[in-house]
Amino acid sequence: MSLFAPAACPRLVVKVGSALLVDAGGAIRRDWLGGLIADIAERHAAGQQVIVVSSGAIALGARRLGLPKGGRASLEDAQAAAATGQIALSGAWAELLGDRGLTAAQLLVTLDDLEQRRRYLNVAATLGRLLTLGVVPVVNENDSVATEEIRFGDNDRLAARVGQAANADGVVLLSDIDGLYDRNPTHDPDARFIERVERIDAAVEAMADTRSASGMGSGGMVSKVQAARIATAAGAHLAIASGRVERPLSRFADSGRGTVFVARPAQPARKAWLQGRLVAGGTIHIDAGAAAALQDGRSLLPAGATRVEGRFARGDLVMILDEAGQPVARGLSEYDAEEAVRIVGRRSDELEAILGHAPRTALVHRNHMVVA
Ligand code: GLU
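Please read these numbers as outputs of a predicted model, since none were measured by experiment. (Residues numbered from 1 in each chain as written. Predicted model: local features only at pLDDT ≥ 70, side-chain atom pairs only at ≥ 80, totals over all residues. Heavy atoms only, no water.)

Notes on the pattern of salt bridges
Inspection of every chain in the model, using the stated rule, returns 22 salt bridges. Notably, a salt bridge pairs Asp-113 with Arg-119, separated by 3.0 Å at the nearest N-O pair. With relative accessibility at 35%, the residue Arg-119 sits in the partly exposed group. The residue Arg-151 makes a salt bridge to Asp-143 at a minimum N-O spacing of 3.0 Å. With a relative accessible area of 16%, Arg-151 lands in the buried category. Salt bridges here are not isolated pairs; linked through shared partners, they connect Asp-182, Arg-183, Asp-188 and Arg-192. (Salt bridge = Lys/Arg side-chain N within 4 Å of Asp/Glu carboxyl O. Buried < 20%, exposed > 50% of the residue type's maximum accessible area, 1.4 Å probe, protein only.)

Topic: the nonpolar core
Counting 48 residues, the largest nonpolar core has Ile-51, Leu-127, Val-139, Leu-158, Leu-180, Leu-238 and Phe-261 as the members making the most contacts within it. Once you skip the residues sitting within four places of it in the chain, Leu-180 turns out to touch Arg-192, Phe-193, Ile-194, Val-197, Val-204, Met-207, Ala-208, Met-221, Thr-259 and Phe-261. Within the second largest apolar cluster, 36 residues are counted, among which are Val-14, Leu-21, Val-52 and Ala-239. (Core = buried A, V, L, I, M, F, W, Y, C linked by side-chain atoms within 4.5 Å. Contact = heavy atoms within 4.5 Å.)

Comments concerning the packing of aromatic side chains
Going through the model one piece at a time under the given rule, you end up with two aromatic pairs. Between Tyr-120 and Trp-273 the ring centres are 6.0 Å apart and the planes differ by 50°, which places this aromatic pair in the tilted class. Placement of Tyr-120 in helix H6 (residues 117–132) and of Trp-273 in helix H11 (residues 269–276) is noted, with a sequence separation of 153 residues between them. Both residues of the pair, Tyr-120 and Trp-273, belong to the buried class. Seen from their ring centres, Tyr-181 and Phe-193 are 5.2 Å apart, and the 70° between their planes marks the pair as edge-to-face. Taken together, the residues span a long stretch of sequence, with Tyr-181 in strand E6 (residues 180–181) and Phe-193 in strand E7 (residues 193–194) at a distance of 12 residues. Phe-193 shares its class with Tyr-181; the two are buried. The ring of Trp-273 carries the charged tip of Arg-117 above its face, separated from the ring centre by 5.1 Å. Of note, Arg-257 hangs over the ring of Phe-193, and the distance from its end group to the ring centre comes to 3.7 Å. (Phe/Tyr/Trp six-rings, centres within 6.5 Å; stacked < 30°, edge-to-face > 60°. Helix = DSSP H or I, 4+ residues; strand = E, 2+ residues; numbered from the N terminus. Lys NZ or Arg CZ within 6 Å of the ring centre and 35° of its normal.)

What about the UniProt feature "binding site: substrate" (unreviewed entry) in the protein?
Under the UniProt annotation, "binding site: substrate" (unreviewed entry) lies at Ser-55, Asp-143 and Asn-155. Spatial clustering of the annotated residues is evident: they stretch over 101 residues in sequence, but the largest pairwise C-alpha distance comes to 10.8 Å. The topology assignment puts Asp-143 in the loop between strand E4 (136–141) and helix H7 (155–165). Accessibility expressed as a relative area gives 9% for Asn-155, which makes it buried. Not counting chain neighbours up to four residues away, the residues in contact with Asn-155 comprise Lys-15, Val-53, Ser-54, Ser-55, Asn-140 and Glu-141. In terms of polar contacts, Asn-155 uses its side chain to reach the side chain of Ser-55, at 2.8 Å. (UniProt positions renumbered as here; feature names shortened; annotations may be inferred. Polar contact = N/O pair within 3.5 Å; in protein donor to acceptor, adjacent residues only side chain to side chain.)

Considerations on the packing of helix H2 (residues 30–45) against helix H10 (residues 248–255)
Contact geometry of H2 with H10 gives a least axis separation of 7 Å together with a crossing angle of 60°. Here H2 lies oblique to H10, going by the angle between them. Residues Trp-32, Leu-36, Asp-39, Ile-40 and Arg-43 of H2 lie in contact with H10, whose contacting residues are Pro-248, Leu-249, Ser-250 and Ala-253. Looking at the contact of H2 with H10, its residues break down into six nonpolar, one polar and two charged. (Axes fitted to C-alpha atoms, helices over the stretch in contact; angles between N-to-C directions. Parallel < 35°, antiparallel > 145°, perpendicular 65-115°, else oblique. Nonpolar A, V, L, I, M, F, W, Y, C, P; charged D, E, K, R; others polar.)

As for the sheet that holds strand E11 (residues 282–286)
Taken together, the five strands give an open sheet; going across it, the order is E12-E11-E13-E14-E15, and neighbouring strands pair in mixed fashion. The sheet is open, and its two borders are formed by strand E12 (305–310) and strand E15 (364–371), each paired with just one other strand. Between one strand axis and the next, the sheet turns through 30° on average, direction left out of account. In this structure, E11 lies alongside strand E13 (residues 317–321), joined through four bridges in parallel fashion. (Pairing = 2+ DSSP bridges.)

Some remarks on the UniProt feature "domain: PUA" (unreviewed entry) in the protein
Mapped onto the present numbering, the UniProt feature "domain: PUA" (unreviewed entry) falls on residues 282–364. Secondary structure within residues 282–364 divides into 24% helix and 29% strand; the distance between the first and last C-alpha atoms comes to 12 Å.

Here it is, written out as structure tokens:
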């Protein structure tokens, strides 16, 4: 039994990959889905709250519309396939959950819905209300309106962000692979299975070079490790487990077979939200003194910045890099890019003379920053 027992999580997110839900002929694998829903019903009866993140809309829709490359040949195809497939996908979830006496609710969200703080709080409130009403939320990306630049593109990171918004204790990614290996197991029979990851470092990232074997979803191991980074920073365990079995949730709970990324001590909610954000508007390079100050938990002052790149407005997310170009922190800029360029390297008491106003002494305040 692994240390992350899904049966023990009051709030659980279960993500289901396309290849598990949709067969090669483009039909929903209803028997398998029925088994998973039996697992969910069991958890529900035991008093747990479950959120589903379900892929499969593009794969289903592509088949119905006869589109090439699984609907992923162009953005327009993916959007049309998602719109067509989503209605069938939602229908199947609603019907099969209904067979077990459970009510389904559908949420389609874009990346922006989770990146903009106010919209993120809205999503969090809706999820919370649905869960207290005893409903099973079924979430997917709103692929039919999302454009390439503002898409998650994979439901692994979406599941982690949803887990964070819902303050979940655990996220289970059911996949066509049973977990993380130190090398690609399809190419290398000596690949070692990794049961537990305490810290996601460069070595762990390097293990994630494999892509999903099914060719149906868009995730692969890289996005699963990124999802693990988001979930664990938000204080939730994340597991990758095989969905290639009947009753996959109980199987994982009973056997413990899967890779578990261990939750880190939960950070204040706002910082955890920052950590999970994906799109940075710009970059601020800093000197060694400032890098040390940031590690000590202090704010970034203009004096410690050496260069500013990108276009960003006040309040946008910026990456903060050290002299070697390595990420030190990320945070919300107190100044827009044009102003930031002008005050780089300057002392805080010079700002008013340079800008004509100086609402903030810091370029990035420590309350709005997470150190890498
Ligand atoms: N949102 C996509 C869909 O429903 C799946 C994304 C993924 O493959 O992770 O088809």
